[in-house]
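# Remarks on the overall topology
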Amino acid sequence: MLGPRYNFGFLLLLFIFIFNVSFAQKPENIEALTDKQIEEYYKAALEKGLTEEQMEKLALANGYKAEDIVKMRERYNKIKSKSRTAVSTAKKSSREQLGDLSKRAFIDDLDSLGRRQSKSDSLPDKKEKTNLNKKEIFGAYLFQNKRLSFEPNLRLATPSNYILGPDDELSVDISGYAFQHYSLVISPEGTVKIENLAPIYVNGLSVQKAKEKIEQRLRPLFAGLRNGTLNLDVTLGDVRSIKVTLIGEIKNPGTYTVSSLSTLFNALYLSGGPSENGSFRSIQLLRGNKIVQKLDLYDFLMKGSAQGNVSLQDQDVIFIPVAERKVVLDGEIKRKMIFELKPEETVEDVLKFAGGFTEKAYVSNLNVNRKTAKEKKLITVDQSQFEHFALNNGDSLSIGAIIDRFENKVSVEGAIFRPGDYAISGELSTVSQLIKKAEGLREDAFLNRAILRRLRENLDPEFIGIDLGKLMKGEIPDIALKREDALIVKSILEIRELRNVTIHGAVTEPGDYRFVENMTVNDLIILSGGFREGATGKRIEIARRLFNDELVDKTVEVINLEITKDLLTNAKLTVLRPFDQVFVRELPNYQDQKLVSIVGEVNYPGKYTIQNRNERIYDLIVRAGGLRPEAYLSGAQFYRDKKIVAVNLKEVVEHPKSINNLFLEESDSLVIPKDVEIIRISGEVLNPTSVAYQPDFSFKNYIAQAGGFSDSAFVKKTYVRYANGLTDRTSSFLGIKNYPKIERGMEIIVPVKRRQKMSKAEIISMSTGFVSLSAVLLTLFNLVKK
């Protein structure tokens, strides 16, 4: 056994070496491995963790000797100095995963082997992908599920049929007035040794038989066993390992070392289960060259029965033959997989294996695609033949779906109390019976004409008109219903335009209202919330549509009437018709209070109400107590709708009848500032800035204060914006520029001059023109010279 002197890094490297090289094919020379390969095995070992005992069992089980392990250790020591960091990591990872050694250590070994096999089985197999329409073989998932391991449970009582053999450990306990314990390991010769007694042969015996034999031998030493004052218990301690061989159509054939408590399922799981061509139905267990058990995995898959899952013995052989008959199921079936059939099984059996039909399956028959010696053949199997129809290897069964339509459905919709779908039956076969079944017609149903939508023989739709009023009275014959008929009953409201009346003007909630018979103007005013303050009952107008087919100019009739505020009037004059438009006016001089504001340099700034329709800006200044001495009228700003309106307020004050003296409107605002001592220069100047107003400065002086014009300045287009919003621009005549007048608070704005670059085509065209002109001038010059 490997001792503790072998560090964990070496053990993990040995594990990878065994499973990646030895288990598949044992190399004849250990030295054939390169350092790179060993390093790769070492990196993979970081994810593994096994005990020393497990390492020993895995190595010995795969045919390695002690000298092979020594050689591997020597190779490992040579590269140990190069990979010291990685080795340290591997030690840490291994020690975190390993626990104390226990008597279940070899079970962990089997689980590790099962995980390795599951991992290899999950890799895609190109050959399997192309066979039998890429369907999964029923039962294959059993050996690919990592949650299943089929490990034997050592915590249970020893099975009554367990047969002892070499390496089994027996625990013998004597209790009573005296106590004695013996741990006995069965020797290779099949015997156990107690004290100085002769060896006791227990090989091939059950635990109970071994107990009887040991008790008989101990009676001379313990008198209490003869008279019953002492008790003897014999239990199975540690169990031995056995070797079984798996051959045939299996994913990973070979010889496996397993627990003596293992069963057929344990060995099959470790080997990865049957291969693509292997049988799931006739797995054979051979013992002494004789078949002692046959296992049908479908019993376990379909019923959960483990009846054939017998215990294994040393040197047992498990043989998986080729599956003789496989079929494929597709379509409306619950399990779309590949199934294996026994010779006596039929279509009915394979449908059970597949879990039966889906809810949409067409069960009256199914199609079988069969490959004959020369070509394919399609066979339709009726439901009555399912029980007796035998299938051939390679058959493919296709189950279709039912037709997506109803064989006896009719429907009714519209002005009916219970619209919906109904089934044609003996009690429901005509239109009148359908209406009665749907609880009858609604009161607003249009009885003169209903529509029965029907499909013709070629599935073209057609409409059949029905006079429901006469049909329900029995005055005309009833109409028989057919599959997919749909009765459409419209209501009176649905076949006419929505009838509204509209009210506008001085009412609380003007808008559209649903017309009702005998509705009056008074009713409509009440529905709209009544008169608003300021409304007058005089000059109420009703605009009414004219319905005639004569060619006349008049298209609308206008009706004028008066209504008192208490809404008492002659109802005959105020009855409305559909689509009438009613207009309620306000008193001529009535209006809500409208506010304006004035702020700044006036004696009484604040908000004021417009007194009359003719009030102007000057009137507002007068009502505010006039201007203060420091008021700067040239900089006054007038706002309407939050936007500045350019107004010369100085002219308004000096000449109240000026056109600048605007009428006031609601929310107007007038701002009168103090003297503004700043002039701003912006735009295309070298240093846009603000400077103090200098009475003796000219326009050019202010431009100079900003550093002068920039190269991109459009000097001729320079303009100013005065504090009151008015603007003025630079003008020129015969090249002489006339700049705007300078005032306090103004802003000088120099726009940019956009220079458009000539395109290549324009440059070429201009160059060609110059060349042509030069040629003409040269010709003329030569002529003149002569």
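Figured I'd write up the structure that's included with this text. Note that the structure is predicted; figures quoted are calculated from it, not measured.

Reading guide: rules and limits
- Residues numbered from 1 in each chain as written.
- Predicted model: local features only at pLDDT ≥ 70, side-chain atom pairs only at ≥ 80, totals over all residues.
- Heavy atoms only, no water.
- Helix = DSSP H or I, 4+ residues; strand = E, 2+ residues; numbered from the N terminus.
- Contact = heavy atoms within 4.5 Å.
- Phe/Tyr/Trp six-rings, centres within 6.5 Å; stacked < 30°, edge-to-face > 60°.
- Buried < 20%, exposed > 50% of the residue type's maximum accessible area, 1.4 Å probe, protein only.
- Lys NZ or Arg CZ within 6 Å of the ring centre and 35° of its normal.
- Expected span 1.5 Å × (residues − 1).
- Core = buried A, V, L, I, M, F, W, Y, C linked by side-chain atoms within 4.5 Å.
- Pairing = 2+ DSSP bridges.
- Axes fitted to C-alpha atoms, helices over the stretch in contact; angles between N-to-C directions.

### What about the environment of Asp467?
Looking at where Asp467 falls in the secondary structure, it is placed in the loop between strand E19 (461-466) and helix H14 (468-473). It is 6.4 Å that separates the C-alpha atoms of Asp467 and Ala450, two residues lying 17 residues apart in sequence. Setting aside anything within four residues of it in sequence, one finds Asp467 in contact with Leu447, Asn448 and Ile476.

### Side note on the packing of aromatic side chains
Scanning the entire structure with this criterion turns up nine aromatic pairs. Taken together, a centroid distance of 5.1 Å and an interplanar angle of 40° make the contact between Phe138 and Phe339 tilted. Placement of the pair is Phe138 in the loop between helix H7 (126-129) and strand E1 (169-176) and Phe339 in strand E12 (residues 338-340), with a sequence separation of 201 residues. By the burial criterion, Phe138 is buried, and Phe339 matches it. Between Phe143 and Phe280, the ring centres sit 6.4 Å apart and the planes meet at 50°, which makes this aromatic pair tilted. Here Phe280 lies in the loop between helix H10 (264-270) and strand E8 (283-287) and Phe143 lies in the loop between H7 and E1, a separation of 137 residues in the sequence. Through a chain of ring-to-ring contacts, the aromatic side chains of Phe138, Tyr141, Tyr298, Phe339 and Phe353 assemble into a single cluster. Positioned above the aromatic ring of Phe579, the side-chain terminus of Arg545 is 4.1 Å from the ring centre. A cation sits over an aromatic face here: Arg616 above Phe663, 3.7 Å from the ring centre.

### Some thoughts on helix H8 (residues 207-218)
Helix length check: H8, at twelve residues, gives a terminal C-alpha distance of 16 Å against a target of 16 Å (1.5 Å per residue), a fit within 8%. Taken together, the buried residues of H8 touch E1, strand E2 (180-185), strand E4 (200-201), helix H9 (224-227) and strand E5 (230-236).

### A look at the nonpolar core
Residues Leu268, Ile318, Leu329, Phe339, Leu366, Leu391 and Leu397 are the most contacted members of the largest nonpolar core, which totals 50 residues. Take this core: its biggest share by element is six residues, from H10. Each residue touching Leu329, except ones within four places of it in the same chain, is listed here: Lys135, Arg335, Lys336, Met337, Phe339, Val350, Leu351, Ala354 and Leu397.

### Some words on the sheet that holds strand E17 (residues 420-423)
Strand order in the open sheet made by the five strands is E17-E16-E20-E18-E19, with mixed pairing throughout. The two strands at the open ends of the sheet, each matched to only one other strand, are E17 and E19. Across this sheet, the average inter-strand angle for adjacent strands is 20°, counted without regard to direction. Looking at chain direction, strand E18 (residues 450-455) and E19 are connected through six bridges and run antiparallel. Across the sheet, the residue bridging to Leu452 is Ile464, located in E19.

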